[in-house]
Amino acid sequence: MTNFRHDILDELEAIQVVSIDLKGGFKDTESKVWTASSLAAELSFQASHVQYSLICLRGKKDEIGPLPGVDKGIDDEIADVLFNIMNVANFLGFSVANLWYPTRFVKPRVSFPSWDGLLILSANLAIQAGNLWDATFRMDGYKHKVLKAEENKQYMELALSGVLENLLYLADAVGVDAPEAFYKMFQDARGFLNDYKTK
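Residues numbered from 1 in each chain as written. Predicted model: local features only at pLDDT ≥ 70, side-chain atom pairs only at ≥ 80, totals over all residues. Heavy atoms only, no water.

Q: Even after reading the chapter, I still don't get the overall build of the protein chain, so can you show me in this structure?
A: Of regular secondary structure, the protein chain possesses 7 helices and 0 strands. When the elements of the protein chain are put in sequence order from the N terminus, they spell out α-α-α-α-α-α-α. Evaluated residue by residue, the protein chain yields a buried proportion of 41% over its 199 residues. Considering only contacts within the protein chain whose residues lie at least 6 apart along the sequence, 82% involve residues at least 24 apart. (Helix = DSSP H or I, 4+ residues; strand = E, 2+ residues; numbered from the N terminus. Buried < 20%, exposed > 50% of the residue type's maximum accessible area, 1.4 Å probe, protein only. Contact = heavy atoms within 4.5 Å.)

If you want it as C-alpha cells, here you go:
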C-alpha cells in the first residue's frame, strides 16, 4: 500500500519539520494568533473538504447549504489535512513518531475502494478531528474540563493519531501518495505566499 511503505515515517517526520516553516510563512496573511482549538477547528474544516471532494469524485453534488469552497481535487485536500495535522502536532509538542502507530487501531474491515469503504473512512476522519477539536476546546477553557491535563493531552494525541491513520488509509484507497501530494501543495502555497508579498 502506497502510504504504508517502510519509509513513510521518515517522510512524515520531514513533513512535520517543513510544516513549521510553511505555517510561519502564513503569518503575514493573518491578523490573529492561532490557538490549539483554532488549529483543531481548521483541521476539522479541512477534513470536511476531503468529504466534499469524495462527493465530487462520485459525481453527486446535492448539497444542503453553502458549498465549502472550490474543490481542488482529492490530492490537494488530503495534503491540506496532512498539513493541518502537523500544525496541531507542532503546536501541542507532539512528535509524529508517536502519532504514526499503524497497529494502534483496528484496520477498517471494508472493501476498498468501494464507496461504502470511503464513506466509513471519511466519517472516521471527521469523527476523530471532532474529538480533537472538543478536547482542545476544553483545554483552552471554552468548555468544562472532563479530564485532567495529562489525561487530556494523551486523549488529544490519540485523536490526532486517529486522524492521521484514517487520512492515510483513505489516501491509499483513492490512490493518492500523501507525502507526494503534500510537497505539491507545499510548492503551490509557497507560490501563493511569494505573490502575496509582492502585492
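Q: Even after reading the chapter, I still don't get a nonpolar patch on the surface, so can you show me in this structure?
A: Together, V146, L147 and Y155 line one region of the surface with nonpolar side chains, adding up to about 250 Å² of accessible area. By the element assignment, Y155 lies in helix α6 (residues 149-173). Y155 gets classed as partly exposed once you look at its relative accessible area, which sits at 34%. (Patch = residues over 30% accessible without salt bridge, like charges linked within 9 Å, V, L, I, M, F, W, Y side chains within 5 Å. Areas by Shrake-Rupley, 256 points an atom, 1.4 Å probe, with all protein chains shown as cover. Salt bridge = Lys/Arg side-chain N within 4 Å of Asp/Glu carboxyl O.)

Q: Help me understand the pattern of salt bridges, please; the structure alone is not making it clear to me.
A: Two side chains of opposite charge can pair, provided their charged atoms sit close to one another. Under the defined criterion, the tally for this structure stands at 7 salt bridges. Between E30 and K23 there is a salt bridge; the shortest N-O distance is 3.8 Å. On the basis of relative accessible area, K23 is assigned to the buried category, the value being 19%. Salt-bridge contacts for D76 lead to K72; the nearest nitrogen and oxygen are separated by 3.0 Å. The network of salt bridges with common partners includes K72, D76 and D80.

Q: Which parts of the structure should I look at to understand the packing of helix α5 (residues 115-139) against α6?
A: Relative orientation of the contacting elements α5 and α6 amounts to 155 degrees, with a least axis distance of 8 Å. Between α5 and α6, the crossing angle belongs to the class labelled roughly antiparallel. Of the two elements, α5 crosses α6, and the hand of that crossing is left-handed. In this structure, α5 uses L118, L121, S122, N124, L125, Q128, A129, N131, L132, A135, T136 and M139 to contact α6, whose residues at the interface are N152, Y155, M156, A159, L160, G162, V163, N166, L167, Y169, L170 and A173. Along the lines of polarity and charge, the residues of the contact of α5 with α6 split into 16 nonpolar, 8 polar and no charged. (Axes fitted to C-alpha atoms, helices over the stretch in contact; angles between N-to-C directions. Parallel < 35°, antiparallel > 145°, perpendicular 65-115°, else oblique. Left-handed = near helix turned anticlockwise from the far one by under 90°. Nonpolar A, V, L, I, M, F, W, Y, C, P; charged D, E, K, R; others polar.)

Q: Can you help me understand helix α3 (residues 74-92) in this one?
A: Each α-helix turn comprises 3.6 residues. Residues three or four places apart therefore point the same way. Helix length check: α3 (19 residues) gives 27 Å between terminal C-alpha atoms against 27 Å at 1.5 Å per residue, within 8%. Most of α3 sits out of view: 16 of its 19 residues are buried. At the C-terminal side of α3, G93 shows a positive phi close to 80 degrees. (Expected span 1.5 Å × (residues − 1).)

Q: Quick question: what am I supposed to make of the nonpolar core here?
A: A general trend in soluble globular proteins is that nonpolar side chains are found buried together. Within the largest apolar cluster, 52 residues are counted, with the highest numbers of intra-cluster contacts made by L12, L82, L160 and L164. Of all the elements in the fold, those that place two or more residues in this core are α1 (8-25), α2 (36-58), α3, α4 (96-99), α5, α6 and α7 (178-198). (Core = buried A, V, L, I, M, F, W, Y, C linked by side-chain atoms within 4.5 Å.)

Q: Would you explain the packing of aromatic side chains in this entry?
A: The description of two aromatic rings rests on the distance between their centres and on the angle between their planes. Going through the model one piece at a time under the given rule, you end up with 7 aromatic pairs. Considering the side-chain rings of F137 and Y142, the 5.7 Å spacing of their centres and the 65 degrees angle between planes classify their relative orientation as edge-to-face. Exposure remark for F137: the relative accessible area of 25% places this residue in the partly exposed category. For Y142, a relative accessible area of 60% corresponds to the exposed category. (Phe/Tyr/Trp six-rings, centres within 6.5 Å; stacked < 30°, edge-to-face > 60°.)

Q: Even after reading the chapter, I still don't get the environment of S161, so can you show me in this structure?
A: With respect to the helices, strands and loops of the structure, S161 is situated in helix α6. For the pair S161 and A89, spaced 72 residues apart in sequence, the C-alpha to C-alpha distance is 9.7 Å. Polar side-chain contacts of S161 include one of 2.6 Å to the backbone oxygen of L99. (Polar contact = N/O pair within 3.5 Å; in protein donor to acceptor, adjacent residues only side chain to side chain.)

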